[in-house]
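What follows is each chain in one-letter form.
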Amino acid sequence: MSNIYNKLLTDEQRELYSLMLPVYGALVSQKNTAKILNVSIATLYRMREQGIGAGYKKLDSKSKNGTVVYPLQEIVRYLTESNIKTA
């Protein structure tokens, strides 16, 4: 993991990132992101349209139908920051 991500992630996030990186890689496909978040690909699309969920990248930004991938650190951040703390 690069040093910039080391500084941007908490200890909990770094641990989760290091566990997931060998399985999914640094850029995660929509199919695998949907699997990780336990949602459908259609739900991922709706989340992007609504501006919610994990940050993503469009690899061919000039094309309307460019390939969408999710940086693993964004998935990890979304998974850990969307937790609701209970008493």
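The coordinates are above.
Residues numbered from 1 in each chain as written. Predicted model: local features only at pLDDT ≥ 70, side-chain atom pairs only at ≥ 80, totals over all residues. Heavy atoms only, no water.

1. Quick word on unusual backbone geometry
Item 1. Positive phi values are uncommon outside glycine, yet Asn38 reaches one of about 60 degrees.
Item 2. Looking at the secondary structure, you find Asn38 in the loop between α3 (30-37) and α4 (41-50).
Item 3. According to the relative accessible area criterion, Asn38 is exposed, its value standing at 69%. (Helix = DSSP H or I, 4+ residues; strand = E, 2+ residues; numbered from the N terminus. Buried < 20%, exposed > 50% of the residue type's maximum accessible area, 1.4 Å probe, protein only.)

2. Concerning the nonpolar core
It is characteristic of soluble globular proteins that their nonpolar side chains tend to be buried jointly.
Item 1. Judged by nonpolar contacts, the single largest core of 15 residues is most densely connected at Ile36, Leu44, Tyr70, Leu72 and Ile75.
Item 2. Elements with a contribution of two residues or more to this core: α2 (11-24), α3, α4, β3 (68-71) and α5 (72-81). (Core = buried A, V, L, I, M, F, W, Y, C linked by side-chain atoms within 4.5 Å.)

3. Things to note about the sheet that holds strand β1 (residues 27-29)
Item 1. Taken together, the 3 strands give an open sheet; going across it, the order is β1-β3-β2, and neighbouring strands pair in antiparallel fashion. At either margin of the open sheet sits one strand with a lone partner, and together these are β1 and β2 (57-58).
Item 2. Of the strands in this sheet, β1 and β3 are in contact with α5, which crosses β3 at around 65 degrees. (Pairing = 2+ DSSP bridges. Contact = heavy atoms within 4.5 Å. Axes fitted to C-alpha atoms, helices over the stretch in contact; angles between N-to-C directions.)

4. Topic: the environment of Ser29
Item 1. Inspection of the secondary structure puts Ser29 in strand β1.
Item 2. A relative accessible area of 32% means that Ser29 is categorised as partly exposed.
Item 3. Separated by 27 residues in the primary sequence, Ser29 and Tyr56 place their C-alpha atoms 10.0 Å from one another.
Item 4. Engagement of the side chain of Ser29 in a polar contact is seen with the backbone nitrogen of Asn32, the distance being 3.1 Å. (Polar contact = N/O pair within 3.5 Å; in protein donor to acceptor, adjacent residues only side chain to side chain.)

5. Points about the pattern of salt bridges
Item 1. For the structure on display, the rule yields 2 salt bridges.
Item 2. The shortest N-O distance in the salt bridge between Arg14 and Asp11 comes to 2.2 Å. Of this pair, Arg14 and Asp11 both sit in helix α2, 3 residues apart, roughly one helical turn.
Item 3. Looking at Asp11, the relative accessible area reads 57%, which means it is exposed. (Salt bridge = Lys/Arg side-chain N within 4 Å of Asp/Glu carboxyl O.)

6. Regarding α2
Item 1. Taking 1.5 Å as the rise per residue, α2 with 14 residues should run 20 Å; its terminal C-alpha atoms sit 20 Å apart, in good agreement.
Item 2. Of all the bends in α2, the greatest, near 25 degrees, is centred on Ser18, and the proline Pro22 appears no more than four residues after it.
Item 3. Taken together, the buried positions of α2 are Gln13, Tyr17 and Met20. (Expected span 1.5 Å × (residues − 1). Bend = angle between axes of the 7 residues up to and from the residue.)

7. Structural notes on the environment of Leu8
Item 1. Of note, Leu8 is situated in helix α1 (residues 3-8).
Item 2. With residues near it in sequence (within four places) discarded, Leu8 still touches Gln13 and Arg77.

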